[in-house]
Amino acid sequence: MRILLVEDDPMIGDAIQGALTDASYAADWVKDGLNALSALDTQHYDMVLLDLGLPGKDGLEVLASIRARNNPVPLLILTARDSLDDRLRGLDGGADDYLLKPFDMAELLARMRAVLRRKSGSALPLLGNGVVSLDLLTKQASTDSQSGITLSSREFALLQALLIRPGAILSRSELEDRLYGWGNEVESNAIEFLIHSVRRKLGSHIIKNVRGMGWMVSKNV
Ligand code: CA
């Protein structure tokens with residue numbers, strides 16, 4: 001999953017980006033609102049983490065611009081502002097949740113999972129299609145024949161990207177976009193290699209190849 005972090009404070013931004021990377025997210029970090037909007041114009045993101053106090057364009061204005069473009073990306077506000085009014089304006093302006101600074105990284109990650117769950121209409125931290133399920137908390141996969149299968153960070157990210165929309169075909173470049181942030185060098189056969197290793201662990205039927213188009217997991221059964 002690819003996350004856009006919008007934060008002007010270098011220490012906080014660095015800490016959050018590190019925590020996101022450790023949690024298997026691909027995280028792109030911008031330090032002001034204009035760069036946030038141009039990143040969102042050119043790249044698919046699964047979630048935005050938005051600071052409110054930003055230089056130039058204020059976080060609430062950035063939020064308004066995102067929603068004015070009909071971009072439904074899940075969005076979590078990170079704010080040091082303890083004014084109730086700002087928080088309400090954020091939620092009413094289309095944010096999915098907010099977190100008051102300072103916060104613990106574990107809480108940020110839990111709130112992100114909760115927002116993603118609500119958006120996907122599931123109450124549990126699980127993604128699945130009836131053939132394979134993925135526990136977003138333990139990052140383990142289960143199939144009919146095995147449970148609690150440990151995945152590497154990238155294997156988890158690959159399976160997560162596919163299980164968010166079972167039945168949807170993702171091309172190599174779409175998968176690369178979801179798995180790798182700016183500055184991550186992508187080897188030309190990295191996606192094929194990951195698909196091979198997930199199939200080896202979970203069974204070759206788990207990920208289907210659609211010739212010339214990409215890969216998918218079967219629709220819910
Ligand atoms: Ca700030």
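Residues numbered from 1 in each chain as written. Predicted model: local features only at pLDDT ≥ 70, side-chain atom pairs only at ≥ 80, totals over all residues. Heavy atoms only, no water.

- Taking an unreviewed UniProt entry as the reference, the chain is identified by name as Response regulator belonging to Pseudomonas kulmbachensis.

Thoughts on the nonpolar core
Thinking step 1. Ranked by internal contacts, the top residues of the largest apolar core, which has 28 residues, are Leu134, Leu158, Leu159, Leu175, Leu179, Leu202 and Ile207.
Thinking step 2. Elements represented by at least two residues in this core include exactly strand 7 (132-135), helix 6 (153-163), helix 7 (172-179) and helix 8 (190-202).
Thinking step 3. In terms of residues, this core owes the most to one element, helix 6, which gives seven residues.
Thinking step 4. Discounting chain neighbours no more than four positions away, the residues touching Leu175 are Leu158, Ala161, Leu162, Leu170, Ile191 and Trp215. (Core = buried A, V, L, I, M, F, W, Y, C linked by side-chain atoms within 4.5 Å. Buried < 20%, exposed > 50% of the residue type's maximum accessible area, 1.4 Å probe, protein only. Helix = DSSP H or I, 4+ residues; strand = E, 2+ residues; numbered from the N terminus. Contact = heavy atoms within 4.5 Å.)

A look at the packing of helix 6 against helix 7
Thinking step 1. At a closest axis distance of 10 Å, the pairing of helix 6 and helix 7 adopts a crossing angle of 120 degrees. When the interaxial angle is binned, helix 6 and helix 7 end up oblique. Of the two elements, helix 6 crosses helix 7, and the hand of that crossing is right-handed. Contacts between helix 6 and helix 7 pair Arg154, Ala157, Leu158, Ala161 and Leu162 from the former with Leu175, Arg178 and Leu179 from the latter.
Thinking step 2. Its residues assigned to classes, the contact of helix 6 with helix 7 comprises six nonpolar, no polar and two charged. (Axes fitted to C-alpha atoms, helices over the stretch in contact; angles between N-to-C directions. Parallel < 35°, antiparallel > 145°, perpendicular 65-115°, else oblique. Left-handed = near helix turned anticlockwise from the far one by under 90°. Nonpolar A, V, L, I, M, F, W, Y, C, P; charged D, E, K, R; others polar.)

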